[in-house]
Amino acid sequence: SQQGEEDPQALSIQEGENATMNCSYKTSINNLQWYRQNSGRGLVHLILIRSNEREKHSGRLRVTLDTSKKSSSLLITASRAADTASYFCATDDNAGNMLTFGGGTRLMVKP
Amino acid sequence: DAGITQSPRHKVTETGTPVTLRCHQTENHRYMYWYRQDPGHGLRLIHYSYGVKDTDKGEVSDGYSVSRSKTEDFLLTLESATSSQTSVYFCATSASGGGEQFFGPGTRLTVL
């Protein structure tokens, strides 16, 4: 079963709007990561937030982590058509050997 | 980009035939992973390796075996392919087990 679950499963917005995706997980983590996947391509790492961090920024990306609620959110500000992709959260296992990925959010940004 | 290649990129095979997918990396990463991606199931871990000759099972390992005889290469074998193994297979590498992973371009496998 998936450790992380993204919400919503699909999101459609206009260019320039902000996009928010949420991820919930079940067990304790050392870190949580977000990845992006363009259609037909491999996943690309976006950002990693450690369990002792609450917020992290990278360019137009803002990630928050609430370990008490076992949830994270990814905010993409001022979205562009090129942001159209699927976005996945991933959490590590306690042994630090692997990641478990959620089912993803499909984001469509309309020009 | 991390130098990760997968071969073949596309393969069509028949039920019952053996299939081997290869992942090659030039980053000298210790960890390597095989995932499958199917609609409605996201990305699921098949097997992973934490060093040469050191491998372990993932969430969906039944029907698959792996081998890693050198750091650069991680092979995924379907001993007797079934239609349920039709999927897109991704290889990934990581310098540390729970850290950032770098993905290959994927192999689309169709089992008829």
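None of these values were measured; they are calculated from a predicted model.

Turning to the environment of B:Val66, a few remarks are in order. Residues and elements named next belong to chain B. You can see valine 66 is positioned in strand β7 (residues 64-70). For valine 66, a relative accessible area of 19% puts it in the buried group. In this structure the C-alpha to C-alpha distance between valine 66 and threonine 77, which are eleven residues apart in sequence, comes to 6.0 Å. If we skip the residues at most four places from it in the chain, valine 66 touches Trp34, His47, Thr55, Phe74, Leu75 and Leu76.

Between A:Asp7 and A:Pro8 the backbone carries a cis peptide bond, its omega angle lying at 0°. Look at the link from B:Ser7 to B:Pro8: it is a cis peptide, with omega at -10°. Note on placement: B:Pro8 falls in the loop between β1 (4-7) and β2 (10-13). Notably, A:Ala78 is not glycine yet its phi reads approximately 45°, a positive angle. Among the secondary structure elements, A:Ala78 is positioned in the loop between β8 (71-76) and β9 (85-92). On the basis of relative accessibility, which here comes to 38%, the residue A:Ala78 falls in the partly exposed class.

Our focus in this paragraph is the interface of chain B and chain A. Bring the parts together and some accessible area is lost; that lost area is often taken as the interface size. With 19 residues of chain B at the interface, the matching set in chain A holds 21 residues. Each partner contributes to the roughly 1500 Å² buried at the junction of chain B and chain A, and carbon and sulfur atoms together form 51% of this total. Considering only the surface of chain B that becomes buried against chain A, B:Leu43, B:Gly98 and B:Phe103 emerge as the three largest contributors, covering 29% of it. Here chain B and chain A share seven residue pairs in polar contact (both at pLDDT 80 or more) between them. Of all the secondary structure elements, the ones that give two or more residues to the side of chain B that touches chain A are β4 (31-38) and β5 (42-51) of chain B. A per-class count over the side of chain B that touches chain A returns nine nonpolar, eight polar and two charged.

Okay, the packing of aromatic side chains next. Throughout the structure, instances matching the rule amount to ten aromatic pairs over all chains. Between A:Phe101 and B:Phe103 the ring centres are 5.9 Å apart and the planes differ by 80°, which places this aromatic pair in the edge-to-face class. In this pair, A:Phe101 is assigned in strand β10 (residues 99-101) and B:Phe103 in strand β10 (residues 102-103), connecting two distinct chains. Exposure remark for A:Phe101: the relative accessible area of 1% places this residue in the buried category. Ring centres of B:Tyr33 and B:Tyr35 lie 6.2 Å apart, and the angle between their planes is 25°; on these two criteria the pair is classed as stacked. Within the aromatic cluster, the residues linked to one another by ring pairs are A:Tyr35, A:Phe101, B:Tyr31, B:Tyr33, B:Tyr35, B:Tyr48, B:Tyr50 and B:Phe103.

About the thresholds
- Residues numbered from 1 in each chain as written.
- Chains lettered and ligands numbered in written order.
- Predicted model: local features only at pLDDT ≥ 70, side-chain atom pairs only at ≥ 80, totals over all residues.
- Heavy atoms only, no water.
- Helix = DSSP H or I, 4+ residues; strand = E, 2+ residues; numbered from the N terminus.
- Buried < 20%, exposed > 50% of the residue type's maximum accessible area, 1.4 Å probe, protein only.
- Contact = heavy atoms within 4.5 Å.
- Buried area = accessible area lost by both parts, 1.4 Å probe.
- Polar contact = N/O pair within 3.5 Å; in protein donor to acceptor, adjacent residues only side chain to side chain.
- Nonpolar A, V, L, I, M, F, W, Y, C, P; charged D, E, K, R; others polar.
- Phe/Tyr/Trp six-rings, centres within 6.5 Å; stacked < 30°, edge-to-face > 60°.

Read these as layout, nothing more, since geometry by itself doesn't imply function.
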